[in-house]
Amino acid sequence: MIGMLRIKVKQGHYSQPRQALCDEDLVGFFLPGALCPLTIYVYAGKLLKTKTKTKIRGGSQSGLDSGSFFRSARSLHADGFRWSIVVICLSAVLLGAWGAWFAFSRVSVYKKTDMARFAVNRLPHPVEALIYGRVVWINLKLEQKVKEGEIIARLDAKPLNRQLEEESMRLAAFTSQANALREELAARKRALNQTNSAALSEIDEARARIREAESVAQLAEKEASRSSSLFARGVIFEAKKDEADTEAARKRAAVESLEFYTKKIHFKLNSEKNDRRAALNHVMSEISEIEGYIAASAGLIERLEYEIDQTNIRASVTGRIGELAQISIGKIVQKGDRLATVIPSGTYKIIADFPPSKALGRIRSGQSAWFRLHGFPWAQYGAIAATVERAACEVRNGLVRVELSINDEQVSLIPVQHGLPGTIEVEVERISPALLALRAAGRLFSRQDTFLPDTAMETRDTQ
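All values reported here derive from a predicted model rather than from experimental measurement.

About the cut-offs
- Residues numbered from 1 in each chain as written.
- Predicted model: local features only at pLDDT ≥ 70, side-chain atom pairs only at ≥ 80, totals over all residues.
- Heavy atoms only, no water.
- Helix = DSSP H or I, 4+ residues; strand = E, 2+ residues; numbered from the N terminus.
- Buried < 20%, exposed > 50% of the residue type's maximum accessible area, 1.4 Å probe, protein only.
- Contact = heavy atoms within 4.5 Å.
- Areas by Shrake-Rupley, 256 points an atom, 1.4 Å probe, with all protein chains shown as cover.
- Pairing = 2+ DSSP bridges.
- Expected span 1.5 Å × (residues − 1).
- Axes fitted to C-alpha atoms, helices over the stretch in contact; angles between N-to-C directions.
- Salt bridge = Lys/Arg side-chain N within 4 Å of Asp/Glu carboxyl O.
- Phe/Tyr/Trp six-rings, centres within 6.5 Å; stacked < 30°, edge-to-face > 60°.
- Lys NZ or Arg CZ within 6 Å of the ring centre and 35° of its normal.
- Parallel < 35°, antiparallel > 145°, perpendicular 65-115°, else oblique.
- Nonpolar A, V, L, I, M, F, W, Y, C, P; charged D, E, K, R; others polar.

So, the overall build of the protein chain
- Scanning the protein chain for helices and strands turns up eight helices and 16 strands.
- The 463 residues of the protein chain split such that 31% are buried.
- The long-range share in the protein chain, meaning contacts at least 24 apart out of those at least 6 apart in sequence, stands at 82%.
- Just so you have it, the protein chain exposes about 29200 Å², and 57% of that area is on carbon and sulfur atoms.

Now the structure itself:
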């Protein structure tokens, strides 16, 4: 029967898959197979009816002519029902075989898409301009082999080089200024330490003088006390006593003067120390400011060096140039402009994009598939057997991505190349024709139910 035929075409080790059976093909698939037994059955019935009429017609004429009667009897005996029974039995056998096939056989159901292509198992790498600039040198050709890190184009780096020179000179000036300030800071610190040492020595000297003056004052006070005792006994005159008292008072005043001088030295030392510390803090703040300028200048120099390096456009991976933009020397490119695409070397796989209704829940890893290229007729070149590796579970741009691996044991006459488009058919299940017929009938009724609300709406609008 026509619906049971499966076509296989072999070319090398590639074979055309069984006829892709989709839900839309169910009517054309089952109708011929159902009509064959029915046609035979109708033909057998017509043949039996014709034989019966012939017998009746022969019996009605037998009484008129005895010769005719014998001829009719011999004709009926020769004719009989053998061929009718054979036709009826053959029809019953064919109808039973078709019913058994319809209920118990298994047919493959395929999901098909025309959006499939060969691709390298590694993603293509775009070659983009990382900075704004003018192209001064380019070495790009289609199918050109490149290595990772190889320079394939250059942008004009003169403005960046001039800016780098200016910034380097500014950094050198900042560095020398910072070094001078550091030397000044060190000198001020040494001067502060020397001043502190001298002031401490002067304070120690003043304290020694105070101790000396106090001892002299104490001696003068004792002398004045003895003079007062002698004057009271009338041994010395009053003038001698007054002279001793005056000397004691003078010595005590000298002690007080030295104490005030010591306090003055303390105050002077603290004042000078504060002034020198303020000067040190000012120098340190200037050094911090200059160091900030130095850090900013060093960062700018590093960025300029990076941008100068980015003027050399390099290949990101090893491979060949698969796509090239129309770029000539002197053209201005913006940051992010794609100059070319490098196709990395590696094994090939098949990338297919399915509508969500065909892929989600139906296509899974491990399923068999057949890939036929648009530019290579499958009758001549055959089809490529593949296996589903993974299928996406999220819709992107209205499609579901499916990745398939090519069977390693195949030898192909097709020159496998990245980007070759074709049609992929994935075997999603194997079910009986009866179940397929029920599924098609259910889908047909669901379509009719879908149109019912619109019809009811039109009727309501008409009323």
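Now, onward.
Observations regarding the sheet that holds strand β10 (residues 332-333)
- Strand order in this open sheet of four strands is β8-β7-β5-β10, and the pairing throughout is antiparallel. Because the sheet does not close on itself, it has two edges, and the strands there are β8 (312-314) and β10.
- Taken together, the two bridges between strand β5 (residues 133-138) and β10 define a ladder with antiparallel strand orientation. Opposite Gly 133, over in β10, you have Val 333 as the bridge partner.

Overview of helix α4 (residues 158-233)
- With 76 residues, α4 should cover 112 Å at 1.5 Å per step; its first-to-last C-alpha distance of 112 Å lies within 8% of that length.
- Note on α4: the residue one or two positions beyond its end, Gly 234, has a positive phi of about 80°.

Considerations on the sheet that holds strand β13 (residues 368-373)
- Overall, antiparallel pairing links the six strands, which are arranged β3-β12-β15-β14-β13-β16 in a closed barrel. Along the sheet, successive strands turn relative to each other by an average axial angle of 40°, direction set aside.
- Of the strand pairs in this sheet, β13 and strand β14 (residues 384-391) are connected by four bridges, and their pairing is antiparallel. If you follow Phe 371 over to β14, its bridge partner there is Ile 384.

Quick look at the pairing of strand β12 (residues 348-354)
- Most of β12 is tucked away, with six of its seven residues classed as buried.
- Of the strand pairs in this sheet, strand β3 (residues 107-120) and β12 are connected by five bridges, and their pairing is antiparallel. When the sheet's bridge partners are listed, Arg 117 is paired in β12 with Ile 351.
- Where β12 and strand β15 (residues 400-406) come together, six bridges link them in antiparallel fashion. Across the sheet, residue Ala 352 finds its bridge partner in β15, namely Val 402.

Topic: the pattern of salt bridges
- Evaluated as defined, the whole model comprises 16 salt bridges.
- Across the pair Glu 427 and Arg 430 runs a salt bridge, and its minimum N-O distance is 3.9 Å.
- Look at Arg 430 and you get partly exposed, because its relative accessible area is 39%.
- Because the salt bridges share partners, they merge into one network encompassing Lys 349, Glu 389, Arg 390, Arg 401 and Glu 403.

Some points on the packing of aromatic side chains
- Summed over the entire model, instances satisfying the criterion amount to four aromatic pairs.
- Between Trp 98 and Phe 102 the ring centres are 5.0 Å apart and the planes differ by 15°, which places this aromatic pair in the stacked class. Linking Trp 98 with Phe 102, this pair stays in helix α3 (residues 82-104), spanning four residues, or about one helical turn.
- Over the ring of Trp 137 we find Arg 154; its NZ or CZ atom is 5.1 Å from the centre of that ring.

What about the packing of α4 against helix α5 (residues 238-310)?
- Packing of α4 against α5 leaves a shortest axis separation of 7 Å and a crossing angle of 170°. Here α4 is positioned roughly antiparallel relative to α5, judged by the angle of their axes.
- Split by residue class, the contact of α4 with α5 holds 41 nonpolar, 12 polar and 27 charged.

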